[in-house]
Amino acid sequence: SDMHFIQVQRAWEALREPDARRQYDAQKRLETMLEEQALASLSDVTLDDMTHIQDPNGNYWQYPCRCGDWYELTEDQRDEGINIVACSSCTFAIRILEDIPGINKERAHPPAS
């Protein structure tokens, strides 16, 4: 479509200059490195490790954060496949693993202190 062609043309214009391309490549490497670092620092928690809260406004699971606040996963988030949850007060996050029969639950570990 015409819109797709315009997007490709703009990308080409922005990246055809060597300095612009180097800057773009450096930015992409930094983004990739930060994303990998963030994923590596996540603590794995199963839904079994979390407390299920039944609330008239919507059920959810919660897990304590080392900052003293909570991670919370709503049923809607779980249904949407969201499995990384940030603390509501700090920058820590957890990865929520589904409880799979036959997998040792001890693989999940609490956030490091």
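Summarised in this report is the structure supplied together with it. Small disclaimer: the values here were computed from a predicted structure and weren't measured.

**Comments concerning the sheet that holds strand β1 (residues 43-46)**
Right, on to step 1. The strand order across the open sheet built from 3 strands is β1-β6-β5, with neighbouring strands paired in mixed fashion. Strand pairing shows two members of the sheet lacking a second neighbour, β1 and β5 (84-86), which therefore form its edges. Taking the axes of each pair of neighbouring strands and ignoring which way they run, one obtains an average angle of 35 degrees across the sheet.
Right, on to step 2. Pairing analysis gives 4 bridges linking β1 to strand β6 (residues 93-97), with the strands arranged parallel. Of the residues in β6, the one forming a bridge with S43 is I94.

**What about the packing of aromatic side chains?**
Right, on to step 1. Scanning the entire structure with this criterion turns up 1 aromatic pair.
Right, on to step 2. Its guanidinium or amino end placed over the ring of F92, R66 lies 3.7 Å from that ring's centre, counting from NZ or CZ.

**Observations regarding the pattern of salt bridges**
Right, on to step 1. All told, the structure shown has 3 salt bridges when counted by the stated rule.
Right, on to step 2. One salt bridge in this structure joins R22 and D19, with 2.4 Å as the shortest N-O distance. Note that R22 and D19 are positioned in helix α2 (residues 18-40) at a spacing of 3 residues, about one turn of the helix.
Right, on to step 3. The class of D19 is exposed, set by a relative accessible area of 57%.
Right, on to step 4. The partner of D44 in a salt bridge is R95, and the shortest N-O contact between them spans 2.7 Å. One end of the pair, D44, is in strand β1; the other, R95, is in strand β6, with 51 residues separating them in the sequence.
Right, on to step 5. Look at R95 and you get partly exposed, because its relative accessible area is 24%.

**Description of a negative patch on the surface**
Right, on to step 1. Together, E75, D76, D79 and E80 make up a region of like negative charge exposed at the surface.
Right, on to step 2. Structurally, D76 can be placed in helix α3 (residues 75-79).
Right, on to step 3. Judged by its relative accessible area of 55%, D76 is exposed.

Thresholds, definitions, all that
- Residues numbered from 1 in each chain as written.
- Predicted model: local features only at pLDDT ≥ 70, side-chain atom pairs only at ≥ 80, totals over all residues.
- Heavy atoms only, no water.
- Pairing = 2+ DSSP bridges.
- Helix = DSSP H or I, 4+ residues; strand = E, 2+ residues; numbered from the N terminus.
- Axes fitted to C-alpha atoms, helices over the stretch in contact; angles between N-to-C directions.
- Phe/Tyr/Trp six-rings, centres within 6.5 Å; stacked < 30°, edge-to-face > 60°.
- Lys NZ or Arg CZ within 6 Å of the ring centre and 35° of its normal.
- Salt bridge = Lys/Arg side-chain N within 4 Å of Asp/Glu carboxyl O.
- Buried < 20%, exposed > 50% of the residue type's maximum accessible area, 1.4 Å probe, protein only.
- Patch = residues over 30% accessible without salt bridge, like charges linked within 9 Å, V, L, I, M, F, W, Y side chains within 5 Å.
- Areas by Shrake-Rupley, 256 points an atom, 1.4 Å probe, with all protein chains shown as cover.
- Lys, Arg positive; Asp, Glu negative; His and termini not counted.
- Charge placed at Lys NZ, Arg CZ, Asp CG, Glu CD.

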